[in-house]
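Listed below are the residues making up each chain.
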Amino acid sequence: MQIIKTCCLILLPVAFFAQNKTAVYDTYMQGQQTLYQFNGNVLVAKKGEIIYKKSFGYNDYNTKRKLDENTIFDIGSIAKEFTSVGILLLKDKGLLNYDDTLRKYFPELPYNNITIRQLLTHTSGVPDGYDVIEEKFDHSKIATNDDLLRLLAEEKPFPNFNPGQDLMYSGTGFNLLASIIEKVSGQSYSNFLNQNIFKPLKMTHTSVANFPRNNKNLPGLSKGFIYNDSTKTYQYADNFYKNWATYFSGITGEGMIIATTGDLLKWDRALKESKILSPATQAEMTKLQAEKKGFPPVKFGFGIRVGANTIGNYLFHNGWYPGFSSMLIRYTDQDVTVIVLSNNLSHSEFIADGLATIAENKKILMPYVHKEYSNNTDLKKYAGKYMIPLTRPPYMVDFPAELIIKNDNLYLHTAGSVDILLQRESAEKFFYNNGTDQQIEFKKDRSGGVTQVLYTGYGVQREIKKIN
């Protein structure tokens, strides 16, 4: 990740409460672009009306072609919402039931008592099919859902848990749901979605797009990029993740859908206004259907995350695909929708959080240039275990992390990850020295004791708790 410590753009850490929302959005986003390399498209809507929409950066870093409002992005796991609606549409037509078993449609599979309801809520326990593809499939070919079904039947990988006994996010579950759509409808997954969702909603820039993707047929399709630390440049993501552009690229249901911010707003309105599903079925999709027992806490409807934060009740799904990150969230009480699509793995979830905070006139800390503070004494009072937000899709929750002292500096340590230097910029404030817009501030009393710990992620500030 590229780290910028100095920059021509100077932005002060001031809370903005302004009537001119466009100027506030612009200041926030220009800071994210200049200081933290955000590259992508954003859209904010209130009750379906667009209040902010803009593009930042390049469609292709190599050609310097700019993004525009019609640029098409891979939306990653947001595709699961479409798969879910495909299944629910067939349910509305009386062609399947929630309690139908997986083996009703694919009796060759070794997994008993898994239901469509459990596949929709990530409570099925099905194993990771991509592991089987990785190990057993001929990598010179492109795998399809039929190949996935065949290998699961032949290799019989052990399930993660008994159906309904736990919740574990499963892309394979949605691959199986896509195959059920094909089995029941007699159409390909692509044709079914196109005929029943994309065309009726006039989502003209949205499609199921397996590889090889042809820019002649998809002229607005953006390239996905990843920052190369060794060359200090952004490079094609396909060079880093060749499997996703080759032998994984024919599998559908959990991903492989491309769209624009404008089309995703049409989709959001369709969910809000029951344009595809019956009102009763739409309500079932977006209400709490399953909740994980234990940590991390996570709640699902049918193919969509449900829950609440300091802004309000929300529905969302985020997405990842090599070089791409995406977020589609609606705060239901306020009817505020935020869409962030990035083609350089920017932190779309955090940016969406910041944009929603601005939309609701809440306090936000604008991006600014951090200055290093040389005195690194008294670090021991800050060390310890805390619950800190981490970007681990799809779990946008606090995770246990530890602040440790190493080489006379404070570091953020989490299991299985590289320690992050917390660079001191004042006696009480530290910023993440990894190119992300995150800070931790320690409030102290007159005797120097820590009374409160504040975490700020992409401008949104809240208190975090020490756990020892």
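Residues numbered from 1 in each chain as written. Predicted model: local features only at pLDDT ≥ 70, side-chain atom pairs only at ≥ 80, totals over all residues. Heavy atoms only, no water.

Assigned secondary structure in the protein consists of 12 helices and 23 strands. For 468 residues, the compact-globule estimate of 2.2 N^0.38 gives 23 Å, and the C-alpha radius of gyration of the protein, at 23 Å, lies within 12% of that figure. Principal-axis analysis of the C-alpha atoms places the extent of the protein at approximately 70 × 45 × 45 Å. Within the protein, buried positions represent 55% of all 468 residues. The long-range fraction of contacts in the protein, counting pairs at least 24 apart against all pairs at least 6 apart in sequence, stands at 63%. In the structure as shown, the protein presents an accessible area of about 19,800 Å², 49% of it carried by carbon and sulfur atoms. (Helix = DSSP H or I, 4+ residues; strand = E, 2+ residues; numbered from the N terminus. Rg over C-alpha atoms; globule rule 2.2 N^0.38 Å. Buried < 20%, exposed > 50% of the residue type's maximum accessible area, 1.4 Å probe, protein only. Contact = heavy atoms within 4.5 Å. Areas by Shrake-Rupley, 256 points an atom, 1.4 Å probe, with all protein chains shown as cover.)

Along the chain, I180 turns up in helix α7 (residues 171-185). Expressed as a C-alpha distance, the spacing of I180 and T144, which sit 36 residues apart in the sequence, is 14 Å.

Let's shift gears to the sheet that holds strand β17 (residues 398-406). Strand order in this open sheet of 8 strands is β16-β17-β18-β19-β20-β21-β22-β23, and the pairing throughout is antiparallel. Looking along the sheet, the strands with just one partner apiece sit at the ends: β16 (384-389) and β23 (460-464). The average angle at which neighbouring strand axes cross in this sheet is 30 degrees, direction not considered. In the sheet, strand β22 (residues 450-457) pairs with β23 via 5 bridges, with the strands oriented antiparallel. (Pairing = 2+ DSSP bridges. Axes fitted to C-alpha atoms, helices over the stretch in contact; angles between N-to-C directions.)

With respect to topology, 3 strands assemble into an open sheet ordered β5-β9-β6, the strand pairing being antiparallel. Strands at the two margins of the open sheet, each flanked by one partner only, are β5 (73-74) and β6 (207-208). Where β6 lies against strand β9 (residues 257-259), 2 bridges are found, and the strand directions are antiparallel. Paired with S207 across the strands is I258, a residue of β9.

Per the stated rule, a full pass over the model turns up 29 aromatic pairs. Both rings, one in F350 and one in Y458, keep their centres 5.3 Å apart while their planes meet at 10 degrees; by these two values the pair is stacked. Of the two residues, F350 is situated in helix α12 (residues 348-359) and Y458 in the loop between β22 and β23; the sequence distance between them amounts to 108 residues. We classify F350 as buried; its relative accessible area is 10%. Given a relative accessible area of 4%, Y458 falls into the buried group. (Phe/Tyr/Trp six-rings, centres within 6.5 Å; stacked < 30°, edge-to-face > 60°.)

Turning our eyes to something else, we now look at the packing of helix α2 (residues 79-92) against α7. Two elements in contact, α2 and α7, have axes separated by 10 Å at closest approach and are oriented at 40 degrees. The angle between α2 and α7 places the two elements in the oblique class. For the element pair α2 and α7, the recorded crossing hand is left-handed. Between α2 and α7, the contacting residues are K80, T83, S84, G86, I87 and L90 on the first element and G171, F174, L177, A178, I180, I181 and V184 on the second. (Parallel < 35°, antiparallel > 145°, perpendicular 65-115°, else oblique. Left-handed = near helix turned anticlockwise from the far one by under 90°.)

This part is about unusual backbone geometry. Phi at H122 is positive, roughly 60 degrees, even though this residue is not glycine. A relative accessible area of 1% places H122 in the buried class. Backbone geometry places Y458, a non-glycine residue, at a positive phi of 50 degrees.

Another point: the nonpolar core. Judged by nonpolar contacts, the single largest core of 75 residues is most densely connected at F82, L109, I133, I180, L193, I257 and W267. It is α2 that contributes the most residues to this core, 7 residues altogether. The residues contacting L109, other than those within four sequence positions of it, are L102, R103, L149, L152, A153 and L176. Within the second largest apolar cluster, 45 residues are counted, among which are V340, A356, M366 and L379. (Core = buried A, V, L, I, M, F, W, Y, C linked by side-chain atoms within 4.5 Å.)

Another aspect to go through is the pattern of salt bridges. In total, this model carries 23 salt bridges according to the counting rule given. Across the salt bridge formed by D99 and R117, the nearest N and O atoms sit 3.6 Å from each other. With D99 in the loop between α2 and α3 (102-105) and R117 in helix α4 (residues 116-120), this residue pair connects regions lying 18 residues apart in the sequence. R117 sits in the partly exposed class, given a relative accessible area of 30%. The structure contains a network of salt bridges with shared partners spanning D268, R269, R330 and D335. (Salt bridge = Lys/Arg side-chain N within 4 Å of Asp/Glu carboxyl O.)

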